[in-house]
Amino acid sequence: MTDSEAPAGVAQPFASEAGAADARHLPGPPPGPWRLLDRLVVAGFAAALVLPAALLVAGVHAAQVENRAPRTLPALSIAGLADMTWPAGVDGFLTDHLWPRPYAIRLRGEVYWLSGGTGNPDVIRGVDDWLFIREELQPPCPRAPAQQVAALERAAAAFGQRGIEFRFVLVPDKHTIYPEKLPTSNPFPPSCVDTNREGVMIDPTAAFQAARAMPGAPEVYYDEDTHWTPMGAAITVGELARSFGPGVWSAEDVQVSGRTRRVLDTPALLGLPRVAVTPKVVIRPEVLQRRVDVALPVAAGNTREIFRITSTGSDRLLPGRTLIVYDSYFAIDQQMVAPYFADSTWVHYADMQAHPELAPLLGPFDRVIVERVVRGFYSIDFDAMLAPAYAPAPG
Amino acid sequence: MVFSSITFIFFFLPAVLAAYHLAPRRVRNGLLVFASLGFYAWGAGAFVLALLASIATNYVIGAQLERRVDRGETAAAKRLLALGVVVNVALLGWFKYANLGVATWNAGLTGAGLPTVPWADVLLPIGISFFTFHSLSYLVDVYRGTARHLVSPLDFALYITFFPQLIAGPIVRFHEIRDQLVQRNETFDAFAAGVYRFGFGLAKKVVIADTVAPIANAAFGVPTDELNTTAALVGVLAYTVQLYFDFSGYSDMALGLALMFGIRFPENFDRPYASRSITEFWRRWHMSLSRWFRDYLYISLGGNRGSAAATYRNLVIVFLVTGLWHGANWTFVAWGAYHGILLLLERVAGVARGRGPRPRPWQAVTIVLVMLGWVLFRSPSIEHALGYLGAFLRPGGQMPFEVTLVLEPLAIAALVAGAASALIPPTWVTGVRLAYPDVTANRLARLATAAVLLPVALILVLTGSFSPFLYFQF
């Protein structure tokens, strides 16, 4: 029915027969040039549909762009068919391996970026295109600050009773160091990360702010990454080293030499591969580091690295064995942390939480250092995570 | 499997199209049935057995029904029809409404302080509302003699399972399509029209509907007491656009796919948001369902042949059932009742007797009424819907950050473009005439589809499952 057709009599609230299925209304041929267009479009459509699958069959696979291992083709089974896990697995395989997909993702990301948005509600675009992840502005807060600080104090006391030095490094979230870079219309209310955390041992916030106040100083965080720059790492490592007493840290430990590249993590969430080049910071270049992976009889649910770094070449190394329970910040700059410890064993905090059997297998230790970013601070059960490390050795 | 998935577009569709057009004509229906069952099983798993059982049962009843009708055994035919209707409605009732019935019953028992009935939820086979209505259409058409029973079980199975309409319609009445199932001519022109139509529908779905969906999801996802007037309005506007572009886009894709196999489906949408009354809205919205209810329920109830009161009663019944058909939740019943009441009021006010289109301002009134209905339709509960409606009266305050986060420039652009298409009535908006290359505007629409919409839509399909992690996942 068109606007020009007036309903005759009493109109029914039901569709008329206009437009009902009817083979007599199959489309006919359009005039000359339009028919040529039709041919071109059908050919293009066929090519667009067939080409990706043909390339896949020919062994051309897509690059992985989602920061995970590509899914494999599942084995066919009756059970998998009945409960639909097999089709879902095949969908996942085809999706991950389809050749044009990474290019399409990047194109989409660029269009969203050019439009002024991000296309991902988990990424907040701020002033001067600084990027923040939503999680740092809206972190989970299952535990109160006082509860966490008390847990750390209990751990420190327990370690102290066994003669083990304990340090906790709390890495500030980027927005607390660069609040002016948040969008002016930032809708997030204050959260647990903004509350008082007095009592936490090493919090480089003040040092970062002081560094920012110096004219011409390089940024301590990347504008498009959740992490600190090498300069931010150096400042935190300095704070940590100084906490072990005079003489451990020297301003001459830090040397800026050349440039370093980092593939930025936050644009990757938008499908945009981007790299930042910053001044390269080397700490204690005279120290020789040797890293070996640690093989353990632990049925770990993931393959995050557990490794050991032995350092030599300096008389200012902290002796004995050090356990470093790391988060991503220490992980990316492990070579800046390790030169202060003669023998450090590195375990990801998630593995420490999930596997209480790890600490007895790896220990004993003379000191324990835990590093965690603020947005994850309130999620950790410190008592459960650290108890195996300060529990008396069996026997 | 959904039409906008990578598996469907880049693997299933090209394989089926190639196999179909290369296959001898005599095996094409069998091939389509096989492919359609695979299409269904991909997303429904073992429920394909329920679909097969439904096909077998209805085929046998239909064959027996026609035999009785041909012999003039009216009473026996009526009994068989009743049996078929009961079987189909019982199947739909069990799978779709048993959970709602037991939940409602248990709520009553809880209210009375009595122990509840233990119950394990029944899983819903995807598309059951559609293939059940197809089966009922088949039985009633054979009974009424408006179409002959299909002798070949494969032809009948194709009617029920044909993948373009299997899980989301359009609802094709048997008599509309019977002859096309038996014999059809696949032409290049129909195929080309199908490509345009499919591309247009795909673009409606992934460019507009999927882009504005996060806004609607955010607004309807936050507690209603956190919504202010602006957020509530933006949310319902986004849902209004999303629902139409999603559903009509899916219908366009179905029509396009069918054309690629030489089959013409009924149109399902005709610029419904350009309507100037609720009566007109129902002539333009989900037209295939509307026709189905008219033919098989409204007319069966007596239609408008009786007194005014009987007509009103019939309308209310039809729209209550229409609401319930959309989902097993009292919100859908309330939505159906809401529309039924509006239709009654329009009848009483003489709107339905109007001799011409109502003045244009009535379009604004109508769209507001429709949007209020969508609040009921989208809300998970009546309480939520009432809370959401209450938010319209809460000016000031801050918009929830969940909504603010998704109000990105491109989402706003899609929302504005989608909403604007409801206000201006160009014929290409719904794609109704996209299949007919006899108007310059439609040719230009085809050109736009080929040059812009289809490529963009295919790119978005490729990115649709993008789900990156900040840290590497092992």
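As the structure is a computational prediction, the values presented were derived from the model and not from experiment.

Remarks on the overall build of chain B
Okay, step 1: For chain B, the count of helices and strands is 19 helices and zero strands.
Okay, step 2: Computed over the C-alpha atoms, the radius of gyration of chain B is 23 Å, within 12% of the 23 Å expected from 2.2 N^0.38 for a compact globule of 474 residues.
Okay, step 3: Overall, the C-alpha framework of chain B stretches about 70 × 60 × 60 Å when taken along its three principal axes.
Okay, step 4: Sorting the 474 residues of chain B into buried and exposed places 60% on the buried side.
Okay, step 5: Long-range contacts, defined as pairs at least 24 residues apart, comprise 76% of the intrachain contacts of chain B with a sequence gap of at least 6.
Okay, step 6: Only carbon and sulfur atoms are counted for the fraction: they give 69% of the accessible area of chain B, which is about 17900 Å².

Some points on the side chain of Lys96(B)
Residues and elements named next belong to chain B.
Okay, step 1: With respect to the secondary-structure elements, Lys96 resides in helix α4 (residues 74-111).
Okay, step 2: Buried charge Lys96 goes without a salt bridge, the closest partner of opposite sign being Asp246 at 15 Å.
Okay, step 3: Not counting chain neighbours up to four residues away, the residues in contact with Lys96 comprise Leu124, Ser129, Leu324, Trp325, His326, Gly327 and Ala328.

Regarding the environment of Leu123(B)
Residues and elements named next belong to chain B.
Okay, step 1: Counting through the fold element by element, Leu123 comes out in the loop between α4 and α5 (128-144).
Okay, step 2: With 86 residues separating them in the primary sequence, Leu123 and Leu37 have C-alpha atoms 19 Å apart.
Okay, step 3: Leaving out residues up to four positions away in the same chain, Leu123 has contacts with Phe47 and Phe95.

Quick look at the pattern of salt bridges
Okay, step 1: Using the criterion set out here, one finds 44 salt bridges over all chains in the structure.
Okay, step 2: Taken together, the shared-partner salt bridges connect Glu66(A), Arg68(A), Arg71(A), Asp96(A) and Arg101(A) into one network.

Some words on the packing of α5(B) against helix α12 (residues 287-298) of chain B
Residues and elements named next belong to chain B.
Okay, step 1: α12 packs onto α5 with a crossing angle of 40° between their chain directions and a minimal axis gap of 11 Å. One finds that α5 runs oblique with respect to α12. The interaxial crossing formed by α5 with α12 has left-handed handedness. Counting all contacts with α5, which are made through Phe133, Leu136, Ser137, Val140, Asp141 and Arg144, the residues of α12 involved are Leu289, Trp292, Phe293, Asp295 and Tyr296.
Okay, step 2: In the contact of α5 with α12, the residues fall into seven nonpolar, one polar and three charged.

Quick notes on the nonpolar core
Considering soluble globular proteins, one finds that nonpolar side chains tend to be buried as a cluster.
Okay, step 1: With 161 residues, the main nonpolar core has Phe3(B), Phe8(B), Phe163(B), Phe198(B), Leu202(B), Trp285(B) and Trp374(B) as its most contacted residues.
Okay, step 2: Among the elements that make up this core, the one with the highest residue count is helix α10 (residues 229-260) of chain B (18 residues).
Okay, step 3: Mapped onto the domain boundaries, this core takes at least three residues apiece from domain 1 (6-184) and domain 2 (190-276 + 357-463) of chain B.
Okay, step 4: Leaving out residues up to four positions away in the same chain, Phe198(B) has contacts with Phe45(A), Phe3(B), Phe8(B), Ile9(B), Leu13(B), Asp252(B), Met253(B), Gly256(B), Leu257(B) and Met260(B).
Okay, step 5: Judged by nonpolar contacts, the second largest core, of 44 residues, contains Ile235(A), Val248(A), Ile283(A) and Ile324(A).

Some details on the domain arrangement of chain B
All names here are of chain B.
Okay, step 1: Each domain of chain B was delimited in the assignment, giving domain 1 (6-184) and domain 2 (190-276 + 357-463).
Okay, step 2: One C-alpha centre belongs to domain 1, the other to domain 2, and the line joining them spans 28 Å.
Okay, step 3: In this complex, domain 1 contributes 24 residues to the contact, which on the side of domain 2 involves 20 residues.
Okay, step 4: Taking both partners together, domain 1 and domain 2 bury about 1900 Å²; carbon and sulfur atoms supply 81% of that area.

Observations concerning the packing of aromatic side chains
Okay, step 1: The final tally for this structure, using the stated rule, is 70 aromatic pairs over all chains.
Okay, step 2: Residues Phe307(A) and Tyr326(A) carry aromatic rings whose centres are separated by 5.9 Å and whose planes lie at 45° to one another, so their mutual orientation is tilted. Here Phe307(A), found in strand β7 (residues 307-312), pairs with Tyr326(A), found in strand β8 (residues 318-326); they are 19 residues apart in sequence, far enough to count as distant. Note on accessibility: Phe307(A) and Tyr326(A) belong to one class, buried.
Okay, step 3: Where Phe3(B) meets Tyr250(B), the ring centres are 4.3 Å apart and the plane angle is 10°; that geometry is what we call stacked. Of this pair, Phe3(B) sits in the segment before α1 (6-22) while Tyr250(B) sits in helix α10, and the two are 247 residues apart along the sequence. There is no split in this pair, since Phe3(B) and Tyr250(B) are both buried.
Okay, step 4: The cationic tip of Lys174(A) hangs over the ring face of Phe132(A); the distance from NZ or CZ to the ring centre is 5.1 Å.
Okay, step 5: The ring of Phe244(A) has Arg367(A) sitting right over it, with the charged end atom 5.9 Å from the ring centre.

Re the sheet that holds strand β9 (residues 341-348) of chain A
Residues and elements named next belong to chain A.
Okay, step 1: With mixed pairing, the six strands of this open sheet are ordered in space as β3-β10-β8-β9-β7-β6. Because the sheet does not close on itself, it has two edges, and the strands there are β3 (165-171) and β6 (288-293). If you compare each strand with its neighbour and ignore which way they point, the axes differ by 20° on average.
Okay, step 2: Here β3 pairs with strand β10 (residues 367-373) via seven bridges, running parallel. Within β10, the residue paired with Phe168 across the bridge is Val370.
Okay, step 3: Against the sheet, helix α6 (residues 145-161) contacts β3 and β10, and its axis sits at roughly 155° relative to β3.

Details of the confidence of the model for chain A
Okay, step 1: Scored by pLDDT, chain A has a mean of 87; 92% of the residues are at 70 or more.
Okay, step 2: Low pLDDT (under 50) marks residues 1-8 of chain A, which in the prediction has 17 contacts with non-local residues, meaning those over four places away or in another chain.

Quick word on empty space enclosed by the protein
All names here are of chain B.
Okay, step 1: By the definition in use, this model includes six cavities of 30 Å³ or more.
Okay, step 2: Looking at the second largest cavity, its volume works out to about 60 Å³.
Okay, step 3: Taken together, ten residues form the lining of the second largest cavity, with Tyr244, Arg271, Tyr273, Ser421 and Ala422 sitting closest to its centre.
Okay, step 4: Elements that contribute at least two residues to the lining of the second largest cavity include exactly α10 and α18 (409-423).
Okay, step 5: Classifying every residue of the lining of the second largest cavity gives seven nonpolar, two polar and one charged.

Description of the confidence of the model for chain B
Any region with low pLDDT has predicted coordinates that should not be read closely.
Okay, step 1: For chain B, per-residue confidence averages 90 on the pLDDT scale, and 95% of positions sit at 70 or higher.
Okay, step 2: Note on residues 426-432 of chain B: pLDDT is under 50 here. Beyond four places in sequence and across chains, it has 25 contacts.

Structural notes on the interface of chain B and chain A
Okay, step 1: Listed as interface residues are 94 residues of chain B and, on the opposing side, 90 residues of chain A.
Okay, step 2: Roughly 7900 Å² of surface becomes buried between chain B and chain A when both sides are summed, with 65% attributable to carbon and sulfur atoms.
Okay, step 3: The interface formed by chain B and chain A contains two salt bridges.
Okay, step 4: Among the ionic pairs, Arg446(B) bridges to Asp38(A), the shortest N-O distance being 3.2 Å.
Okay, step 5: At the boundary of chain B and chain A, one finds twelve residue pairs in polar contact (both at pLDDT 80 or more).
Okay, step 6: The class makeup of the residues in the side of chain B that touches chain A is 56 nonpolar, 18 polar and 20 charged.

Remarks on the layout of surface pockets
Residue and element names in this part refer to chain B.
Okay, step 1: Counted as a void, the second largest pocket has a volume near 820 Å³.
Okay, step 2: Lining the second largest pocket are 28 residues, and of these Phe130, Ala168, Leu243, Phe247 and His326 lie nearest its centre.
Okay, step 3: Elements supplying a minimum of two residues to the lining of the second largest pocket: α5, α10, α13 (308-326), α14 (330-348) and α15 (361-378).
Okay, step 4: The residue makeup of the lining of the second largest pocket, split by class, is 18 nonpolar, six polar and four charged.
Okay, step 5: Shared between two domains, the lining of the second largest pocket takes at least three residues from each, and those domains are domain 1 (6-184) and domain 2 (190-276 + 357-463).

The rules behind the values
Residues numbered from 1 in each chain as written. Chains lettered and ligands numbered in written order. Predicted model: local features only at pLDDT ≥ 70, side-chain atom pairs only at ≥ 80, totals over all residues. Heavy atoms only, no water. Helix = DSSP H or I, 4+ residues; strand = E, 2+ residues; numbered from the N terminus. Rg over C-alpha atoms; globule rule 2.2 N^0.38 Å. Buried < 20%, exposed > 50% of the residue type's maximum accessible area, 1.4 Å probe, protein only. Contact = heavy atoms within 4.5 Å. Areas by Shrake-Rupley, 256 points an atom, 1.4 Å probe, with all protein chains shown as cover. Lys, Arg positive; Asp, Glu negative; His and termini not counted. Salt bridge = Lys/Arg side-chain N within 4 Å of Asp/Glu carboxyl O. Axes fitted to C-alpha atoms, helices over the stretch in contact; angles between N-to-C directions. Parallel < 35°, antiparallel > 145°, perpendicular 65-115°, else oblique. Left-handed = near helix turned anticlockwise from the far one by under 90°. Nonpolar A, V, L, I, M, F, W, Y, C, P; charged D, E, K, R; others polar. Core = buried A, V, L, I, M, F, W, Y, C linked by side-chain atoms within 4.5 Å. Domains from an automatic or database assignment. Buried area = accessible area lost by both parts, 1.4 Å probe. Phe/Tyr/Trp six-rings, centres within 6.5 Å; stacked < 30°, edge-to-face > 60°. Lys NZ or Arg CZ within 6 Å of the ring centre and 35° of its normal. Pairing = 2+ DSSP bridges. pLDDT = per-residue confidence, 0-100. 1 Å grid on protein atoms, 1.4 Å probe; cavity = no way out; pocket = protein on both sides within 12 Å on 5 of 7 lines; lining within 4 Å. Points joined across faces, edges and corners; volume = space filled by probe spheres on them. Polar contact = N/O pair within 3.5 Å; in protein donor to acceptor, adjacent residues only side chain to side chain.

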